[in-house]
Amino acid sequence: MHGRPRTAPKPEDAAASAAKAQKLRALQSQFLSYHHSRIYTEEALDASAKLLEINPEYYTAWNYRKLAVEHRVGESGSSPEYVKSIFDEELKVVENALRQNFKSYGAWYHRTWVLSKGHSSLDHELRLLDRFQKADPRNFHAWNYRRFVAALLGRSVEDELQYTEDLIGNNFSNYSAWHNRSMLLSEILKKKEQESSSQDVISKEYEFVLNALYTDPDDQSGWFYHLWLLDQTFKVKAPLLVSSWPVPGFDLVVSGNVSFADHPLSSFSEFTVALERFPVVLYFNQNVEGVNSSTVTIQSTFVQNEDVTWKPLSLQNSPASKVWVGYLDLSGVDHHSSAPYTVEIKLGHHQGIMSSNGLQLSIPFDLSFTVSVKPLETQSSKDEKVAWEEDKFCACETHLQVAIPCLCYDGITVDNKYEPTTSDWQIGTIAEEISQIRNLLAISDSKIGKITLARLLMAHDAMSSPYATKTVHAEEVLGLYSELMKLDPSHYQYYKDERSLVLLQQLLSSRETLLRYCFCYRGITSPSAYGPICLRLNNQSISRMGSFDKLLWVQLLDLSDNELHSIEGMEALQLLRCLNLGRNKLRSFTSLDPLRYLRSLKVLNISHNEIGLHSIDTTRYSCSASPLSHNGEIIWSDDVFPPEDADVTNYWEAFMVFKSLELTQLDIVGNAVTNEKFKSFLLKILPKLQFLDGQNLHQI
Amino acid sequence: MGELAGDKHVKYILSVEKKKDSFESVVMEHLRLNGAYWGLTTLDLLGKLDTVDSDEVVSWILQCQHESGGFGGNIGHDPHLLYTLSAVQVLALFDKLDVLDINKVTDYIRALQNEDGSFSGDIWGEVDTRFSYCAICCLAILKRLDSINVEKAVRYIVSCKTLDGGFGCTPGAESHAGQIFCCVGALAITGSLHHIDKDLLGWWLCERQVKSGGLNGRPEKLADVCYSWWVLSSLIMIDRVHWIDKEKLIKFILDCQDTENGGISDRPDDAVDIFHTYFGVAGLSLLEYPGLKATDPAYALPVDVVNRIFFGRCST
């Protein structure tokens, strides 16, 4: 009962309603008996028409009329006039029904069905639509029907574009018209393959939409269109490699022979990766497919190209991903040789790595680095646990800073055949829009205006530096989001999340700022004078994590005392061994899904979060192994999970995350989910666990 | 802020069944199966499903089934996916899926998939992403998703994506929160949420919250309680629900209650109906309102019912 006031029925109204009801009930049962007996007489058809005029949603009556049409056409012989009159009759019934309810799905479809039979004139349709679209310019049934009719009539895209322009001219708040315009314009842009003419089209659209934005800066309709237009302007079309591990030119030191019993930090010395196989991570600017041994070639003495299997790091098992990983096997390496091995990786020289819209990697990349093997010097005691207390960290010594292999990406790849993919026209357009929106904001406090400006400024930075190493406008954007948090408190958390992403981008944009967050961990007996490097972004009021492309080297990460409710994207950090997520806002085990991809993770702190506190799990469907999403790796069958093991089904979320990890240390205290029963379940599924909530399990 | 008048809503739902002679109920006769789903699910969320005689409901549902395997909206009405889903959902509520000839229902649904992966609602060929959801949700509950071409079904849904990251009923159609629920729900059930630009869609969806705290279904439209379901469930499935003000939305829904006679309306002081009563209560359940059972955002059934189907357990 949309939009009908709540009033107590007066007795006389009730009586009238009962009488009406009785009449309609009689009509409906009369109709059903005709339908079930397949009676298509004049009288029966009249009854169905009358019924549909009163109740256009009575779908069975529309079906009946279709049956009747087929029956009558079949009997009519071949007189085209008669056939036409049968269909014309239907168009009349639809029109009457639409007058009663122009949102009736059944009525609109009946009309579509009649017209697609090809016996009716189309002349009347646009006039009819004009009438309905004037009465309700947002009626999506009418718009869908319009697209159908326009196609039947062969109306030109330009004519339909003009129609949206007329409607927007009448009322620029018509989001439906803006939507249709975006569909039509996409077609036009597709046709104008040559860049310059599509640029003209886009430039004209900016003028058009700005007019609307100026008329009422608080109306959303034009802004969504504007945003879409921006996307058409600065969308980086071709895929690009934006970062990798190892970075080009890096000298990697690897120590072999690490078995699971070792302490998670024992093999750290300066920047050493301790694995028998180590990961090569390729990070692109968008999802790509086709990373495999024929599109990526590896040249080195210890590994054969074909032996490396590239895997997309995509939750939900999609074949496309921004991040790909391949593991290089070190078993063939002579552990006593101190000479570094050179590894060269070439990609993009052969076609095959491409985006979802079929565009190939724009620039070939060659990245080379060296690997040298160093035997383990000492081993720490098993009984040492990783502690995250403040006094365990000290500022990085200058000589160690060299070992932080970050951010050298920009310079090195430029040596390849890097050419800027953004054109002067794109940068010019963005700059022009920035100044237009600034002008508009000078006269209005438009919320979406501010969001748009923030996005424009970030887009401008991204265009002038594709590896996001220059964040000229970050301060201003942070300010805009802070303002928005006050201006529009209902969407506070959205602005806070966006702000966090910009903040992280700023923190990680230069070596200088990054080093302020890098510390040496002194909490363990280390073979070298200095402990391993830990990136500490704790207590930064971050509500969303991002910039993972800058963090591929990180092995120890402290994100405690933030407001994270998600770790989306963390699957890219393949080297991660110790992770502190304590005192955040994680709501469920399914939100930890990205951890399942981190083979090196040994130490995890998720204490004092909100796991088990909420009845609604917001990541129930985005986690890859959920048996609910029918695409998981876990086949929820009786073989894997004996039905009598109630724990596994009760704690399937925890089981899903932890069963693929080999944690030695876990802190989970301070979550609603933890109780003795749950802890004993954890011990069962984490056989290598040594410390649980700080307690040494081997000393009990 | 008022409180949820749960008992009043139970009374209201039970009374709707008795008022068979009002004009409203005659007009709605053709979708009585949808009505049963809305009413019974609400009762279950309120913990009062046992006030209903399940045998009576189940036997009536079976009378709505046709030889083809599909269900009509009521006895004597033609079969359609919209009512087939409601029938399956209600049987799931009562843990009575075993009364179904599952092969028969599966065959009905499978036959409605078109070459391009889309689904027709019935033999007359109307195509809409709502029907994709009905088919996928139904088959998942029946554990027969493998009987259709899921890959094509997903591809069709993705082809209905629009400029704002949302989805329309067919390719080219405008985004609408109800349609977005159907598409996001179908993608969630098939493990295909990676096709969604979560930040773009999440922002558009959270912008559906207007000053009153209520949600609308499209830009520059009025808020309406039913979008508490369509928008909220979609935001939850893509993990962006924290972008709206939950307290304000709870207040809006509670303000739409008829605290005297029970029931919830689209907006404050409008006439109540069973449809909005369900969406109001289900919305509050998604907002973790105390005293309500949790709802699953994709299957639109209580979480314990979904867990019973997929894990053979009641709840944690």
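All figures in this text were calculated on a predicted structure; none of them were measured in a lab.

Caption draft 1: Broad picture of the interface of chain B and chain A. Between chain B and chain A, the residue contacts involve 96 residues of the former and 83 residues of the latter. Across the chain B/chain A interface, buried area totals approximately 7700 Å², and carbon plus sulfur atoms make up 53% of it. The three residues of chain B that bury the most area against chain A are W124, L163 and W203 of chain B, which together make up 12% of that side's buried surface. Note that E568 of chain A is salt-bridged to R240 of chain B, the shortest N-O span being 3.2 Å. Counting across the chain B and chain A interface gives 52 residue pairs in polar contact (both at pLDDT 80 or more). A total of 6 residues in the side of chain B that touches chain A trace back to one element, the largest contributor, which is helix α10 (residues 198–206) of chain B. When the residues that make up the side of chain B that touches chain A are grouped by side-chain class, the tally is 37 nonpolar, 26 polar and 33 charged.

Caption draft 2: Seen up close, the packing of helix α4 (residues 54–63) of chain B against helix α5 (residues 81–93) of chain B. All names here are of chain B. Close contact between α4 and α5 brings their axes to 11 Å; oriented N to C, the two are set at 155°. With respect to their mutual orientation, α4 and α5 come out roughly antiparallel. Handedness of the α4/α5 crossing: left-handed. Taken together, the residues of α5 that come into contact with α4 (itself represented by V57, V58 and I61) are A87, V90 and L91.

Caption draft 3: Main features of the packing of aromatic side chains. Evaluation of the coordinates by the stated rule reveals 40 aromatic pairs over all chains. Seen from their ring centres, F87 of chain A and W113 of chain A are 6.4 Å apart, and the 45° between their planes marks the pair as tilted. With F87 of chain A in helix α4 (residues 80–100) and W113 of chain A in helix α5 (residues 105–116), the pair connects residues that are 26 residues apart, well separated along the chain. Judged by relative accessible area, which is 6%, W113 of chain A ranks as buried. Sitting over the ring of W203 of chain B, R455 of chain A keeps its end group 4.0 Å from the ring centre.

Caption draft 4: Here's a closer look at the sheet that holds strand β12 (residues 518–521) of chain A. Across the sheet, 9 strands lie side by side as β11-β12-β13-β14-β15-β16-β17-β18-β19 (chain A); this open sheet has mixed pairing. The sheet terminates laterally at β11 (393–395) and β19 (695–696) of chain A, the two strands that pair on one side only.

Caption draft 5: Expanded view of the pattern of salt bridges. Residues and elements named next belong to chain A. One pass over the structure, following the stated rule, counts 48 salt bridges over all chains. Between R146 and D130 there is a salt bridge, with the nearest N and O atoms lying 3.9 Å from each other. One end of the pair, R146, is in helix α7 (residues 140–153); the other, D130, is in helix α6 (residues 123–135), and 16 residues separate them in sequence. Salt-bridge contacts for K392 lead to E389; the nearest nitrogen and oxygen are separated by 3.9 Å.

Caption draft 6: Inspection of the side chain of N55 of chain A at higher detail. Within the fold, N55 of chain A resides in the loop between α2 (42–54) and α3 (59–75). In this structure the side chain of N55 of chain A is engaged in a polar contact, spanning 3.0 Å, whose partner is the backbone oxygen of V27 of chain B. N55 of chain A has contacts with Q28 of chain A together with V27 and H30 of chain B, leaving out every residue within four places of it along the chain.

Caption draft 7: Representation of the side chain of D461 of chain A. Residues and elements named next belong to chain A. By secondary structure assignment, the location of D461 is in helix α15 (residues 447–464). This buried residue, D461, is left without a salt bridge; R438 holds the nearest opposite charge, at 9.2 Å. Within the structure, the side chain of D461 is placed 2.9 Å from the side chain of H473, a separation counted as a polar contact.

Caption draft 8: Seen up close, the confidence of the model for chain B. Averaged over all residues, the pLDDT of chain B is 95; the fraction at 70 or higher stands at 98%. Under the prediction, the complex receives an ipTM of 0.96, its pTM being 0.95.

Caption draft 9: Quick look at the environment of D159 of chain A. Counting through the fold element by element, D159 of chain A comes out in helix α8 (residues 157–170). C-alpha of D159 of chain A to C-alpha of Y145 of chain A: the two residues are 14 residues apart in sequence and 16 Å apart in space.

Caption draft 10: Layout of the nonpolar core. Residues and elements named next belong to chain A. The biggest cluster of nonpolar side chains holds 279 residues, and the ones touching the most others in it are F589, I606, F658 and L666. When sequence neighbours within four positions are dropped, the list of residues in contact with F589 reads I606, I611, E653, A654, V657, F658, I668, V673 and F678. Within the second largest apolar cluster, 44 residues are counted, among which are L24, L27, Y58 and A97.

Caption draft 11: Highlighting the pairing of strand β13 (residues 533–536) of chain A. Residues and elements named next belong to chain A. Burial along β13 is two-sided: the residues I533 and L535 and C534 and R536 are all buried. Here β12 pairs with β13 via 3 bridges, running antiparallel. Note on β13: the bridge partner recorded for C520 is I533.

Caption draft 12: Quick peek at the environment of N675 of chain A. Along the chain, N675 of chain A falls in the loop between β17 (665–667) and α21 (676–685). From its side chain, N675 of chain A meets the backbone nitrogen of K677 of chain A in a polar contact 3.2 Å long.

Caption draft 13: Structural context of the packing of helix α1 (residues 11–36) of chain A against α2 of chain A. Residues and elements named next belong to chain A. At their nearest, the axes of α1 and α2 sit 9 Å apart, and the two run at 135° to each other. The angle between α1 and α2 places the two elements in the oblique class. Judged by the sense of rotation from one axis to the other, the crossing of α1 with α2 is left-handed. Residues L24, L27, Q28, F31 and Y34 of α1 form the contact with α2, whose participating residues are E43, A44, A47, S48, K50, L51 and I54. Here the contact of α1 with α2 is built from residues that sort into 8 nonpolar, 2 polar and 2 charged.

About the cut-offs
- Residues numbered from 1 in each chain as written.
- Chains lettered and ligands numbered in written order.
- Predicted model: local features only at pLDDT ≥ 70, side-chain atom pairs only at ≥ 80, totals over all residues.
- Heavy atoms only, no water.
- Contact = heavy atoms within 4.5 Å.
- Buried area = accessible area lost by both parts, 1.4 Å probe.
- Salt bridge = Lys/Arg side-chain N within 4 Å of Asp/Glu carboxyl O.
- Polar contact = N/O pair within 3.5 Å; in protein donor to acceptor, adjacent residues only side chain to side chain.
- Helix = DSSP H or I, 4+ residues; strand = E, 2+ residues; numbered from the N terminus.
- Nonpolar A, V, L, I, M, F, W, Y, C, P; charged D, E, K, R; others polar.
- Axes fitted to C-alpha atoms, helices over the stretch in contact; angles between N-to-C directions.
- Parallel < 35°, antiparallel > 145°, perpendicular 65-115°, else oblique.
- Left-handed = near helix turned anticlockwise from the far one by under 90°.
- Phe/Tyr/Trp six-rings, centres within 6.5 Å; stacked < 30°, edge-to-face > 60°.
- Buried < 20%, exposed > 50% of the residue type's maximum accessible area, 1.4 Å probe, protein only.
- Lys NZ or Arg CZ within 6 Å of the ring centre and 35° of its normal.
- Pairing = 2+ DSSP bridges.
- Lys, Arg positive; Asp, Glu negative; His and termini not counted.
- pLDDT = per-residue confidence, 0-100.
- Core = buried A, V, L, I, M, F, W, Y, C linked by side-chain atoms within 4.5 Å.

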